Amino acid sequence: MQQAIEAAREACAGRRWGDGRRLLEGLPFADLGVDDLDRLGTCAWLTGEVDDAAAAWVRAHQVCVADGSVHRAAYFGIRLAQCLAFAGDVPRCRGWVDRTAQLLDAAGIDCVEQGYLDLALGLCRIFEAGDVAGAQAQFGRAGKVAARFGDRELLTLAAIGEGRMLVYLGDVAEGMALLDGAMVAMEAGELSVLSTGDAYCTVIDACSELYDVVRCRAWTRSFARWCDDQQELVLYRGHCLVHRAETLAVDGAWGEARAEARRAADRLARPIQPAALAAARLLEADLLRLAGDLPRAEDAYQEAHALGREPQPGLALLRLAQGRADTAATMIGRVLAETEGPVFRARMLDAAVEIALAAGDRAAAAAAAGELREVAAQLGTALLRAQAARAEGAVLLAAGDAAGALAALRRAFREFHELGVPYDAARTRLLVAGACAALGDADAAAMETDTGREALAALRALCSVADDAAPDGLTQRELEVLRLLARGKTNRVIGQELFISEKTVATHVGHIFTKLGVASRAGATAYAYDRGLV
């Protein structure tokens with residue numbers, strides 16, 4: 001038994017969480033010390049065995065309470081609260097927060113665990129009541145406790161919480177400064193593995209809400225590298241795949257984005273994580289809609305809704321694509337009436353302009369475009385500025401001001417193009433074509449129309465490729481590796497492009513050789529070209 005425990009400790013030190021769990025899970029709790037119970041909980045949590053993780057941490061908490069080790073008992077209480085919150089189990093999270101608060105109050109001690117309790121109380125304020133200001137104050141208190149005790153991990157987590165709340169409260173610059181500082185601490189390895197995973201998810205979520213394409217790309221690459229360094233990672237890997245799929249979709253790699261979204265859904269279905277799973281299904285629904293597969297898009301939007309996610313503005317845009325402009329206008333009007341705060345309204349306003357113009361309501365379109373311009377100025381991200389400029393141009397074009405429209409649309413196109421957002425750039429080209437036609441420049445209008453349509457057709461084709469079955473038993477990932485290999489890419493470059501390690505690429509290449517019955521990269525390349533895969 002002791003040999004197994006020692007081997008498990010070595011596995012955890014090497015981030016081999018699956019090995020650690022297998023070595024410890026068969027041993028009686030009574031034979032494990034508190035630290036080894038913590039290791040078992042950590043291994044089980046990271047490999048997706050949420051109930052087993054909770055059982056190990058509950059046992060560790062009980063042992064510490066019995067021994068009178070208040071600090072350590074509080075540590076496990078907060079650990080349970082934070083992980084349950086991440087998994088979406090808010091009632092159990094609140095139960096452990098209250099239990100830990102009672103424990104610390106009864107002990108009457110001044111300790112760093114009080115700061116971690118403040119952190120958990122901030123989470124409860126958000127999840128239970130949506131109390132942004134109250135949560136921001138709670139995270140601020142946690143940060144003060146962290147500074148007083150010199151606890152770097154708590155200081156970083158508190159900064160992340162406070163930074164995200166400041167963004168919601170309108171202080172975007174200060175909020176993002178706190179989040180950037182926290183990400184530096186994470187990349188420097190200053191946080192525990194669980195806190196690092198939570199922090200990556202939270203910060204990238206914040207960047208996504210702000211349409212901050214540059215930060216999303218950078219931090220998603222960093223998150224993928226971190227995930228790839230953990231054995232048999234389930235929970236955070238699923239979230240990473242969602243973020244990577246979102247980034248790929250923005251970059252125009254629609255086929256890869258759909259494949260990643262499906263992989264994310266597989267990862268997040270057991271143990272089920274409704275919020276992240278809904279995000280994966282919503283992304284696939286958007287891609288199916290954009291590709292013109294409206295029936296399957298409808299099904300995916302319904303599934304996202306069943307998982308608790310508002311399917312707007314995608315569902316309203318689906319109704320517009322179905323030729324039901326009035327229904328789309330009613331939908332988007334309803335959701336805007338219910339949505340507060342610039343961060344959340346920003347996601348609806350661009351669609352509101354498009355829908356209102358299609359429905360012939362120029363006044364509603366102008367109002368939405370004006371608000372989008374104000375939100376873009378407040379939040380300050382390039383993608384929102386480009387959307388606002390395009391909305392302004394579309395409204396001016398509809399009102400007959402082709403010259404004013406063209407100036408705004410040219411600004412929008414330059415921004416989209418520089419950001420590397422091909423779908424939005426192509427949509428904007430079509431509006432530019434309309435403005436050029438209205439000004440009598442038929443040649444420019446024809447060129448812009450042809451270029452825009454070709455770009456949109458190429459994106460839709462990429463999305464439909466994701467439906468093609470991979471030949472000879474290759475997985476979708478192996479097919480991606482094969483295509484890059486056939487283009488002469490090295491394992492290192494393939495890893496960089498697919499956000500996986502060079503070692504993982506080598507494993508995929510070995511599997512490809514075996515499945516295809518070839519012995520070399522040349523043989524695999526010939527296979528790929530013979531079957532039109534590149």
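Residues numbered from 1 in each chain as written. Predicted model: local features only at pLDDT ≥ 70, side-chain atom pairs only at ≥ 80, totals over all residues. Heavy atoms only, no water.

1. Remarks on the packing of helix α19 (residues 342–358) against helix α20 (residues 362–379)
Here's step 1: Between α19 and α20, the least distance of the axes is 8 Å, while the angle of their chain directions is 150 degrees. Taken together, the axis directions place α19 and α20 in an arrangement best described as roughly antiparallel. Crossing geometry of α19 relative to α20 is assigned as left-handed. When α19 is examined against α20, the residues P342, V343, R345, A346, L349, D350, A352, V353, A356 and L357 are found in contact with a partner set consisting of A364, A365, A368, A369, E371, L372, V375, Q378 and L379.
Here's step 2: Each residue belonging to the contact of α19 with α20 can be placed in one class, and the counts come to 15 nonpolar, 1 polar and 3 charged. (Axes fitted to C-alpha atoms, helices over the stretch in contact; angles between N-to-C directions. Helix = DSSP H or I, 4+ residues; strand = E, 2+ residues; numbered from the N terminus. Parallel < 35°, antiparallel > 145°, perpendicular 65-115°, else oblique. Left-handed = near helix turned anticlockwise from the far one by under 90°. Contact = heavy atoms within 4.5 Å. Nonpolar A, V, L, I, M, F, W, Y, C, P; charged D, E, K, R; others polar.)

2. Points about helix α23 (residues 422–438)
Here's step 1: The end-to-end C-alpha distance of α23 is 24 Å, a good match for the 24 Å that 17 residues give at a rise of 1.5 Å each.
Here's step 2: For α23, the complete set of buried residues consists of D424, A425, A426, R427, T428, V432, A433, A435 and C436.
Here's step 3: Taken from the residues just after α23, G440 is the one with a positive phi, measuring 90 degrees. (Expected span 1.5 Å × (residues − 1). Buried < 20%, exposed > 50% of the residue type's maximum accessible area, 1.4 Å probe, protein only.)

3. Quick word on the environment of A351
Here's step 1: Within the secondary structure, A351 sits in helix α19.
Here's step 2: Distance from A351 to W219, taken between C-alpha atoms, is 27 Å for residues 132 residues apart in sequence.

4. Overview of unusual backbone geometry
Here's step 1: In this model, Q312 is joined to P313 through a cis peptide bond whose omega is 5 degrees.
Here's step 2: Checked against the element boundaries, P313 lands in the loop between α16 (294–306) and α17 (314–321).
Here's step 3: With a phi angle near 60 degrees, R15 is a residue other than glycine that sits in the positive phi range.
Here's step 4: Looking at the secondary structure, you find R15 in the loop between α1 (2–13) and α2 (17–24).

5. Side note on the pattern of salt bridges
Here's step 1: In the structure shown here, the tally under the stated rule is 46 salt bridges.
Here's step 2: Where R345 meets E371, a salt bridge forms, and the shortest distance between an N and an O atom there is 2.5 Å. You can see R345 sitting in helix α19 and its partner E371 sitting in helix α20, a full 26 residues away along the chain.
Here's step 3: Here R345 falls in the buried class, since its relative accessible area comes to 17%.
Here's step 4: With a relative accessible area of 23%, E371 lands in the partly exposed category.
Here's step 5: Through salt bridges with shared partners, a single network forms among R244, E256, E260, R477 and E480. (Salt bridge = Lys/Arg side-chain N within 4 Å of Asp/Glu carboxyl O.)

6. Side note on the environment of A364
Here's step 1: With respect to the helices, strands and loops of the structure, A364 is situated in helix α20.
Here's step 2: What makes A364 partly exposed here is its relative accessible area of 32%.
Here's step 3: As a C-alpha pair, A364 and V353 span 11 residues in sequence and 7.4 Å in three-dimensional space.

7. Structural notes on the nonpolar core
Here's step 1: In terms of nonpolar packing, the biggest core is built from 134 residues, with W45, F223 and Y236 touching the most fellow members.
Here's step 2: What W45 contacts, discounting residues up to four positions off in sequence, is V50, A53, W57, C83, F86, A87, L194, L235 and Y236.
Here's step 3: Of all hydrophobic cores here, the second largest spans 19 residues; its members include V481, L482, V505 and A528. (Core = buried A, V, L, I, M, F, W, Y, C linked by side-chain atoms within 4.5 Å.)

8. Focus on the state of the cysteines
Here's step 1: Enumeration over the complete set of coordinates arrives at 0 disulfides.
Here's step 2: C83 takes part in no disulfide bond, and the closest cysteine sulfur to it belongs to C93, at a distance of 10.0 Å.
Here's step 3: Free cysteine C124: the closest other cysteine sulfur is in C93, separated by 4.0 Å. (Disulfide = S-S within 2.5 Å.)

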